[in-house]
Amino acid sequence: MDALNQTRVIEFVSLGLTENWVLEVLFSVAFSITYILTLLGNTLIIVTIVFSLRLHTPMYFFLMNLSFIDICHSSVTVPKMLEGLLLERKTISFDNCITQLFFLHLFACAEIFLLTIMCDEHQVCVQLVFALWLGATVHSLVQTFLTIHLPYCGPNIIDSYFCDVPPVIKLACTDTYFTGMLIVSNSGTVSLTCFLALVTSYTVILVSLRKQSAEGCRKALSTCSAHFIVVGFFFGPCIFLYTRADTNFSMDKVVSVFYTVVTPQLNPLIYTLRNEEVKSVIKICN
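Thresholds applied
Per-chain numbering applies: the sequence of each chain, read as written, is numbered from 1 onward. Confidence filtering applies because this is a predicted model: local features only for residues at pLDDT of at least 70, side-chain atom pairs given and counted only at 80 or more, and all residues used for totals across whole chains, interfaces and linings. Water and hydrogen atoms were dropped before computing side-chain values, which therefore reflect all heavy atoms in the structure. Only DSSP runs of H or I with at least four residues qualify as helices, and only runs of E with at least two residues qualify as strands; both kinds are numbered from the N terminus onward. Working definition: with a 1.4 Å probe on protein chains only, accessible area under 20% of the residue-type maximum means buried, over 50% means exposed, and in between means partly exposed. Should any heavy atoms of two residues lie within 4.5 Å, those residues are considered in contact. Here, a disulfide means two cysteine sulfur atoms that sit within 2.5 Å of each other. Only protein atoms enter the calculation, which uses a 1 Å grid: trapped sets of points that fit a 1.4 Å probe without letting it out are cavities, open sets showing protein on both sides within 12 Å along at least five of seven lines are pockets, and any residue with an atom within 4 Å of a point is a lining residue. Grid points are joined across faces, edges and corners, and a volume is the space filled by probe spheres set on the points. Residues are grouped as follows: Ala, Val, Leu, Ile, Met, Phe, Trp, Tyr, Cys and Pro are nonpolar; Asp, Glu, Lys and Arg are charged; every other residue, Gly included, is polar. UniProt positions are given in the numbering used here, feature names are shortened, and annotations may be inferred rather than shown by experiment. Two strands pair if DSSP finds at least two bridges between them. Here an axis means a line fitted to C-alpha atoms, over the contact stretch when the element is a helix, while the angle between two N-to-C directions is reported on a 0 to 180 degree scale. In this text, buried Ala, Val, Leu, Ile, Met, Phe, Trp, Tyr and Cys residues form a nonpolar core when linked through side-chain atoms within 4.5 Å. Here the expected length of a helix is defined as 1.5 Å per residue gap, with one fewer gap than residues. Here, a salt bridge means any Lys or Arg side-chain nitrogen found within 4 Å of an Asp or Glu carboxyl oxygen.

1. Looking at the overall build of the chain
Part 1: Of regular secondary structure, the chain possesses 10 helices and three strands.
Part 2: Along the chain direction, N to C, the helices and strands of the chain fall in the order α-β-α-α-β-α-α-β-α-α-α-α-α.
Part 3: Each of the 286 residues in the chain was classed as buried or not, and the buried ones make up 49%.
Part 4: If you take every contact in the chain between residues at least 6 apart in sequence, the share linking residues at least 24 apart comes to 79%.

This is how it looks when you write it as structure tokens:
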């Protein structure tokens, strides 16, 4: 027991996304391109909205914040993942692992809350954005505390390409069933509750469309379908990964790619660059 108390893991070794070097090269190229497009596309959205008075409306204020969150969210995991794809030994210090875990949940939870409030019209934008960041910070602090208070004294091989709560707590030198249940009650409840709230909002919107004109219905359906595609790609993996206490599947890594790599690129592709008003502003600026 004394030996365990004196031993503490100082770094973790990641198994990465795959052990096939050919796939590692292909993934590094594909994800590098995706990450660059994510940065450029979302930065373009932010700059366009900030400098165009025509776009200073609640909807575009939320879209600007979504772009900022997407840049931060992808930057938490993708650069380290790309480094791991190019290196034979994939390591991360304990402190950096916990830091990555904290910011991963901070930006992921912020995006969950933002996607939820974007479904309705709001005028108190600044207050809502402040509230979502406060809620995301509390959520992330809880996840980090539940992880960091555990003893890590033995195995240090993470079966993932980034530090997240489920794969990290598996390495703790103690029974983590109760901790796992607390994590599920936090992350799982947040993801599932917000998703159900969105489904309810969409249902109300679809029912109300019966009173709209054909053109109004078309525009509303176009906006809702775009929103729901992003919601599906983001909430689906979150619900799949964080509503299980102590069960792991071989496809967990693939599912994680969707909300850490793919979804941040969907914002400029689906939400904004297909929007005629935004495209007209971009053309004027060019």
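2. Things to note about the state of the cysteines
Part 1: Per the stated rule, a full pass over the model turns up two disulfides.
Part 2: With its sulfur 2.1 Å from that of its partner, cysteine 97 forms a disulfide with cysteine 163. Handedness here is read from the sign of the S-S torsion; for cysteine 97 and cysteine 163, about -120°, the answer is left-handed. With cysteine 97 in helix α4 (residues 94–117) and cysteine 163 in the loop between β3 (157–158) and α6 (165–169), this pair connects stretches of sequence that are 66 residues apart.
Part 3: Across a sulfur-sulfur distance of 2.1 Å, cysteine 153 and cysteine 173 are joined as a disulfide pair. Note that cysteine 153 is positioned in the loop between α5 (125–148) and β3 and cysteine 173 in the loop between α6 and α7 (177–208), a separation of 20 residues in sequence.
Part 4: A relative accessible area of 30% places cysteine 173 in the partly exposed class.
Part 5: Disulfides within the chain link the bonded cysteines, taken in sequence order, as 1-3, 2-4.

3. So, empty space enclosed by the protein
Part 1: Under the counting rule described, the total for this entry stands at two cavities of 30 Å³ or more.
Part 2: Approximately 130 Å³ is the volume attributed to the largest cavity.
Part 3: For the lining of the largest cavity, the secondary-structure elements that each account for two or more residues are α3 (58–86) and β2 (91–93).
Part 4: Considering only residue class, the lining of the largest cavity consists of seven nonpolar, five polar and two charged.
Part 5: Lining the second largest cavity, in full, are Leu104, His105, Ala108, Cys109, Ile112, His139, Ser187, Val190, Ser191, Cys238, Tyr242 and Tyr259.
Part 6: Of all the elements in the fold, those that place two or more residues in the lining of the second largest cavity are α4, α7 and α8 (214–242).

4. Re the UniProt feature "transmembrane region" (unreviewed entry) in the chain
Part 1: What UniProt calls "transmembrane region" (unreviewed entry) maps, in this numbering, to residues 25–53, 60–78, 98–117, 124–142, 190–209 and 221–242.
Part 2: Helix makes up 100% of residues 60–78 and strand 0%. Its end C-alpha atoms lie 26 Å apart.
Part 3: Annotation note: span residues 124–142, helix share 95%, strand share 0%, distance between end C-alpha atoms 27 Å.

5. Re the sheet that holds strand β1 (residues 11–14)
Part 1: Strand order in the open sheet formed by three strands is β2-β1-β3, and the pairing between neighbours is mixed. A single partner strand is all that each edge strand has here, and the edge strands are β2 and β3.
Part 2: Packed on one face of the sheet, α4 meets β1, β2 and β3 and runs near 85° to β2.

6. Looking at the side chain of aspartate 164
Part 1: When you line up the elements, aspartate 164 lands in the loop between β3 and α6.
Part 2: The residues touching aspartate 164, leaving out its near neighbours within four places in the chain, are Leu101, Leu104, His105, Tyr242 and Tyr259.

7. Some points on the nonpolar core
One recurring pattern in soluble globular proteins: nonpolar side chains tend to sit buried together.
Part 1: If you look at the biggest cluster of nonpolar residues, it comprises 60 residues, and the most contacted ones within it are Phe31, Leu114, Phe234, Phe235 and Tyr259.
Part 2: The set of elements that each furnish at least two residues to this core consists of α2 (21–51), α3, α4, α5, α7, α8 and α9 (252–272).
Part 3: No other element matches α3, which puts 13 residues into this core.
Part 4: One finds Val9, Ile98, Ile158 and Ala172 within the second-largest nonpolar core, a separate group that totals 18 residues.

8. What to know about the pairing of β1
Part 1: Bridging between β1 and β2 involves three bridges; their strand directions are antiparallel. For phenylalanine 12, the partnering residue across the bridge sits in β2 and is isoleucine 92.
Part 2: The pairing of β1 with β3 spans two bridges and is parallel. Across the sheet, serine 14 pairs through a bridge with isoleucine 158, a residue of β3.

9. What about α5?
Part 1: Over its 24 residues, α5 extends 34 Å from the first C-alpha to the last, a length consistent with the 34 Å expected when each residue adds 1.5 Å.
Part 2: Each element contacted by the buried residues of α5 is listed here: α3, α4, α6 and α7.

10. Structural notes on the pattern of salt bridges
Part 1: One pass over the full model with this rule turns up three salt bridges.
Part 2: When the shortest N-O distance is used, the salt bridge between lysine 80 and glutamate 83 registers 3.0 Å. One end of the pair, lysine 80, and the other, glutamate 83, are both in helix α3, three residues apart, so they sit about a helical turn from each other.
Part 3: Glutamate 83 gets classed as partly exposed once you look at its relative accessible area, which sits at 37%.

11. Focus on α4
Part 1: With 24 residues, α4 extends 35 Å between its outermost C-alpha atoms, agreeing within 8% with the 34 Å of an ideal straight helix rising 1.5 Å per residue.
Part 2: The buried count for α4 comes to 19 of 24 residues, which makes it a mostly enclosed element.

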